[in-house]
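Structural characterization, general
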Amino acid sequence: VGEQVLLKCSFRSSSPITENLVVYWTYRPLTGGQMETIFHYQSVPYPTTVGKFKDRISWVGNVANGDASIAIQSPELSDNGTFFCSVKNPPDV
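Residues numbered from 1 in each chain as written. Predicted model: local features only at pLDDT ≥ 70, side-chain atom pairs only at ≥ 80, totals over all residues. Heavy atoms only, no water.

1. Describing the overall build of the chain
Secondary structure summary: the chain contains zero helices and seven strands in total. Against the 2.2 N^0.38 benchmark of 12 Å for 93 residues, the chain shows a C-alpha radius of gyration of 13 Å, consistent with a compact globule. On the principal axes, the C-alpha backbone points of the chain span a range of 40 × 25 × 20 Å. Counting all 93 residues of the chain, 32% fall into the buried class. Sequence separation of 24 or more characterises 56% of the internal contacts of the chain that already satisfy a separation of 6 or more. Carbon together with sulfur atoms contributes 52% to the accessible area of the chain, which is approximately 5,800 Å² in total. Charge-centre separation for the chain: the mean point of 7 positive side chains lies 5 Å from the mean point of 8 negative side chains. (Helix = DSSP H or I, 4+ residues; strand = E, 2+ residues; numbered from the N terminus. Rg over C-alpha atoms; globule rule 2.2 N^0.38 Å. Buried < 20%, exposed > 50% of the residue type's maximum accessible area, 1.4 Å probe, protein only. Contact = heavy atoms within 4.5 Å. Areas by Shrake-Rupley, 256 points an atom, 1.4 Å probe, with all protein chains shown as cover. Lys, Arg positive; Asp, Glu negative; His and termini not counted. Charge placed at Lys NZ, Arg CZ, Asp CG, Glu CD.)

2. Some thoughts on the nonpolar core
One recurring pattern in soluble globular proteins: nonpolar side chains tend to sit buried together. If you look at the biggest cluster of nonpolar residues, it comprises 18 residues, and the most contacted ones within it are V23, W25, I38, F39, W59 and I70. Only β2 (22-29), β3 (36-42), β5 (57-59) and β6 (70-72) provide two or more residues apiece to this core. Those residues in contact with F39 that lie beyond four places of it in its chain are V23, Y24, W25, P45, Y46, P47, I57, W59 and I70. (Core = buried A, V, L, I, M, F, W, Y, C linked by side-chain atoms within 4.5 Å.)

3. Concerning the state of the cysteines
According to the stated counting rule, one finds one disulfide in the structure shown. C9 shares a disulfide with C85; S-S distance 2.0 Å. One quick way to see it: the torsion about the S-S bond of C9 and C85 is about -70°, and its sign makes the bridge left-handed. In this pair, C9 sits in the loop between β1 (5-7) and β2 while C85 sits in strand β7 (residues 81-88), placing the two residues 76 residues apart along the sequence. Given the relative accessible area of 28%, C85 is considered partly exposed. (Disulfide = S-S within 2.5 Å.)

4. Quick notes on the packing of aromatic side chains
Counted by the stated rule, this structure contains five aromatic pairs. Pairing Y27 with F83 gives two aromatic rings, centres 4.9 Å apart and planes at 45°, and the pair type is tilted. Residue Y27 is found in strand β2, and its partner F83 is found in strand β7; the two are separated by 56 residues along the sequence. Classification of F83 as partly exposed rests on a relative accessible area of 24%. Aromatic pair Y41 and W59: ring centres 4.3 Å apart, planes at 15°, arrangement stacked. (Phe/Tyr/Trp six-rings, centres within 6.5 Å; stacked < 30°, edge-to-face > 60°.)

So yeah, pure geometry; function would need other evidence.
Structure below.
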């Protein structure tokens, strides 16, 4: 709580990395319920503009190195849950 947390995500692709590569980060609270998209990246980062993670997520990845990691500022116990990273690099998924 209180310190920045790094959520690591690494990937490999048999296709060259292009501007079509897309990264999605989704989150489901520990209590269950709907999954929500909290971040996506396609050539540039698009942090969420709504919800509990608004203004707290930053892109720390480097897709050229197979890294799709994000950081969350000022984490709270209520942020506990499951975080999913999904990378699509057409035609590779």
